[in-house]
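Notes for the structure review
Each chain, letter by letter, is given below.
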Amino acid sequence: MDQPTSAIDQLDGIKATAKWPLLSLERSKKGGLVDQIVSAIALMVNLRELPSGTKMPSVRQFGKCNGISTFTVVESYDRLVTLGLLSSRRGSGYFVARNDVAATLPPVARPAPTVIDALTPELYTGVSDALPVGAGWLPPEWYGEATVLDAVRQAMRIPSNRLRGYGHPLGFPSLRQHLAGTLSDELYAVDADQILLTHGATHAFDLILRTLSKPGDTVFVEDPGYSNLLSLIRHHGCIPVGIPRTEAGLDFAFLVEQAATTRPKLMFVNTVLQNPLGTSLSHAQAHRLLGVAEQFDFWLVEDDIYRELTMRGEASLAAMDGLRRVIRIGSFSKTLSPVLRVGSISASNLLLPQLVRMKMLAGLTTSEINERAVYHAVSARPYRRMIDKLKAQLEVGRERSIDSLREAGMTPLARPRGGMFVSAGWPEAPTPQWNGKIIADLALRAGILLSPSEFFMLRQSETVWFRFNVAYADTPLLLRFLQSVRIPSF
């Protein structure tokens, strides 16, 4: 029986050092055919599947092979030439130019759509075709789609008399009452009137900074820590000071030294499942942190949005302090869906009225429909089972991701205690030619979203590392890419 001919065999007259595959192109796919062709060829070049000097099919042959127009091929080839991946020789055609673009192409020469930063839209929208390895959200099916969609449907049955006005300044009363009951049972005594609902955790950060700080104030953050918070602090004219955090916890010697010198106004801290390390403070460290805050008189803002993803009994600053100088932030984006945009602030009776006033000044009230949807979801009987299933999925994904990253030669910065992130990297120090941002830019061209250490750190990282979402990190595409870009291969 005759063997079927390959795509490269169909291209008469072409001598190539690599077999040319038929591309899997989807005409209905977001981004268009050109973007798909550029991403596919860029990945093959960067993975050395198309070595330097490989002659590409002619425009006509490429189009015929893949069933596309010559105009689409010309635009794709031209873009690859602009990226430095192909070169054009008059009368001879197109050739693979180089495989070391990451090491030699200056970042400033790259087109804007392929440059990634901490606010790159693809990391948040969820509509990109790229593999969202660096994103902070999980696949919809992991959240329990049926429970969330049913809650949204119930929320849309809002009574007609609730369509008047803007809603309660504190947020939907039933959700606040439910939160107060849950927190009082599991962590600390709190009244519904001590809870303010927000448009997610970032909105809560913003309201606290607006209320408690002024330009020029020092604000402590963990280093590494949540990337958007660093930008937000600077936006308010405050001075962020990073307190080193490792698998062992906070650097208390540095914390005390900086507190005595700079007299901070407040400090943001992830007590449990810290982003990006996935570690938790011990009870002893949490007590010590409260003591330092008391000694130097600054507020502690406890970013507690991952607590439902960890085991019970972990340290809680709010529970230890009773909301005297601790402000606790919660969110449902990690357990329901980030699209609902509902967060919360728990604070003392003295502070909360100031936060409410700032909320009204900055944007009036929050969406009652979203808050109703969250209430229906978290008060439903399947919610607890859904959380238990989510934690089990994350556990499996985390172990598989760690194994896959080790196969790529990467070592975790810390052993996570749970949650959705693993941060891992190589031991080599970053250079101007080879660092996290350059690799992330290259990954974006190859259809992979990465979050490099530069997003999370104020100081210079000693190694090249990334934060990986465990729902997406155990994939052959990512493994092959990571194996191809490690510095010894250049």
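Right, let's walk through the structure included here.

So, the pairing of strand β2 (residues 93–96)
Two elements, strand β1 (residues 86–89) and β2, share four bridges in a ladder whose sense is antiparallel. Considered in β2, the bridge of R89 is made with G93.

Side note on the sheet that holds strand β14 (residues 464–469)
To summarise the sheet geometry, strands pair through backbone hydrogen bonds and adopt either a parallel or an antiparallel arrangement. Taken in spatial order, the four strands of this open sheet run β11-β12-β14-β13, and their pairing is antiparallel. Edge strands, defined here as strands with exactly one partner in the open sheet, are β11 (411–412) and β13 (451–452). Judged from the six bridges that link them, strand β12 (residues 421–426) and β14 form a sheet pairing that is antiparallel. Its bridge partner being in β14, G425 is matched across the sheet by W465. Its contacts with the sheet put helix α18 (residues 436–445) on β12, β13 and β14, and the angle it makes with β14 is roughly 45 degrees.

Notes on a nonpolar patch on the surface
Taken together, the side chains of V152, M156 and I369 present a nonpolar region at the surface, about 230 Å² in accessible area. Looking at the secondary structure, you find I369 in helix α16 (residues 368–378). Owing to a relative accessible area of 31%, I369 belongs among the partly exposed residues under this scheme.

Topic: the pattern of salt bridges
Scanning the model with the defined rule gives 18 salt bridges in all. Note that E186 is salt-bridged to R312, the shortest N-O span being 3.0 Å. In this pair, E186 sits in helix α9 (residues 173–186) while R312 sits in the loop between β8 (299–303) and α14 (317–321), placing the two residues 126 residues apart along the sequence. Residue E186 is classed as partly exposed on the basis of its relative accessible area, which comes to 41%. We classify R312 as exposed; its relative accessible area is 70%. E368 is the salt-bridge partner of R372, the closest N and O atoms lying 2.8 Å from each other. Highlighted residues: R372 and E368, both in helix α16, separated by four residues, approximately one helical turn. Taken as a pair, R372 and E368 share a single burial class, namely buried. One continuous salt-bridge network, built from bridges that share partners, spans E294, D297, D321, R324 and R325.

Some remarks on the pairing of strand β7 (residues 266–269)
In the case of a regular strand, side chains alternate between the two sheet surfaces. Residue alternation in β7 divides its side chains into two sets, L266 and F268 and M267 and V269, and both sets are buried. Judged from the four bridges that link them, β7 and β8 form a sheet pairing that is parallel. Residue pairing across strands places M267 opposite L300, the latter belonging to β8. For the handedness criterion, the β-α-β arrangement of β7, helix α13 (residues 283–296) and β8 is classed as right-handed.

Calculation rules
Residues numbered from 1 in each chain as written. Predicted model: local features only at pLDDT ≥ 70, side-chain atom pairs only at ≥ 80, totals over all residues. Heavy atoms only, no water. Pairing = 2+ DSSP bridges. Helix = DSSP H or I, 4+ residues; strand = E, 2+ residues; numbered from the N terminus. Contact = heavy atoms within 4.5 Å. Axes fitted to C-alpha atoms, helices over the stretch in contact; angles between N-to-C directions. Patch = residues over 30% accessible without salt bridge, like charges linked within 9 Å, V, L, I, M, F, W, Y side chains within 5 Å. Areas by Shrake-Rupley, 256 points an atom, 1.4 Å probe, with all protein chains shown as cover. Salt bridge = Lys/Arg side-chain N within 4 Å of Asp/Glu carboxyl O. Buried < 20%, exposed > 50% of the residue type's maximum accessible area, 1.4 Å probe, protein only. Right-handed = clockwise from strand over helix to strand, strands pointing away.

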